[in-house]
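Results of the structural survey
Each chain, written out:
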Amino acid sequence: MLVTPIFKGERKIKYNEVQIALKKFKQLLARYPDKQESAFYFANFVKQFLRIKSNDSELLTQVIITLIKQEKPIVFYELRIRGDYDSMFEFLVHLTMDYNLAKDKFEEILTEEKKKVSI
């Protein structure tokens, strides 16, 4: 579903990579307060997350940006400011969706990943 691998082992690596990224994002939301200083950690996470190639990466990016926007509005504002000099963030801050749908999709994908990863 996420990756069409050439080798069977590659699929496990990609699923594991997405699962780790989603867990890390969940930890970021819990660990860092909604303050200007926290924007650095979220910006770094987003940049690292964009390097993960999967079929669902666009949807997941939209979900992550929406969750940041709703749960960490000050951090989101700082990411918008970063968009003034970083075209990637200028584009990303406009990728939003309904918050409840994003939250449900995030939990669904996180749960789905737990079922599929077998290492």
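Residues numbered from 1 in each chain as written. Predicted model: local features only at pLDDT ≥ 70, side-chain atom pairs only at ≥ 80, totals over all residues. Heavy atoms only, no water.

A few words now on the pattern of salt bridges. Under the definition given, this model contains four salt bridges. With a shortest N-O distance of 3.8 Å, lysine 103 and glutamate 71 are connected by a salt bridge. Taken together, the residues lysine 103 in helix 6 (residues 99–116) and glutamate 71 in helix 3 (residues 57–71) connect sequence positions 32 residues apart. Residue classification places glutamate 71 among the partly exposed positions, given a relative accessible area of 28%. (Salt bridge = Lys/Arg side-chain N within 4 Å of Asp/Glu carboxyl O. Helix = DSSP H or I, 4+ residues; strand = E, 2+ residues; numbered from the N terminus. Buried < 20%, exposed > 50% of the residue type's maximum accessible area, 1.4 Å probe, protein only.)

Before going further, it helps to examine the side chain of threonine 66. Here threonine 66 lies in helix 3. For threonine 66, the side chain forms a polar contact with the main-chain oxygen of glutamine 62, separated by 2.8 Å. Excluding residues within four positions of it along the chain, threonine 66 makes contact with Leu95, Thr96, Met97, Asp98, Tyr99 and Ala102. (Polar contact = N/O pair within 3.5 Å; in protein donor to acceptor, adjacent residues only side chain to side chain. Contact = heavy atoms within 4.5 Å.)

The subject of this paragraph is the packing of helix 3 against helix 4 (residues 73–82). Any two packed helices are characterised by the angle at which their axes cross and by the distance between the axes. At their nearest, the axes of helix 3 and helix 4 sit 5 Å apart, and the two run at 120 degrees to each other. For the element pair helix 3 / helix 4, the angle class is oblique. Note on element contacts: helix 4 touches helix 3 through Pro73, Val75, Phe76 and Leu79, opposite Ile65, Ile68, Lys69, Gln70 and Glu71. (Axes fitted to C-alpha atoms, helices over the stretch in contact; angles between N-to-C directions. Parallel < 35°, antiparallel > 145°, perpendicular 65-115°, else oblique.)

Here we take up the confidence of the model for the chain. Per-residue pLDDT for the chain has a mean of 82; in total, 80% of the residues score no lower than 70. Low confidence marks residues 1–13, where pLDDT is under 50. Its contacts with residues over four positions away, or in another chain, come to 22 contacts. (pLDDT = per-residue confidence, 0-100.)

Here the focus is the packing of helix 2 (residues 39–49) against helix 3. Helix 3 packs onto helix 2 with a crossing angle of 170 degrees between their chain directions and a minimal axis gap of 11 Å. On the basis of their axis angle, the class for helix 2 and helix 3 is roughly antiparallel. For the pair helix 2 and helix 3, contact is made by Phe42, Phe45, Val46 and Phe49 and by Ser57, Leu60, Thr61, Ile64, Ile65 and Ile68, respectively. Here the residues of the contact of helix 2 with helix 3 sort into eight nonpolar, two polar and no charged. (Nonpolar A, V, L, I, M, F, W, Y, C, P; charged D, E, K, R; others polar.)

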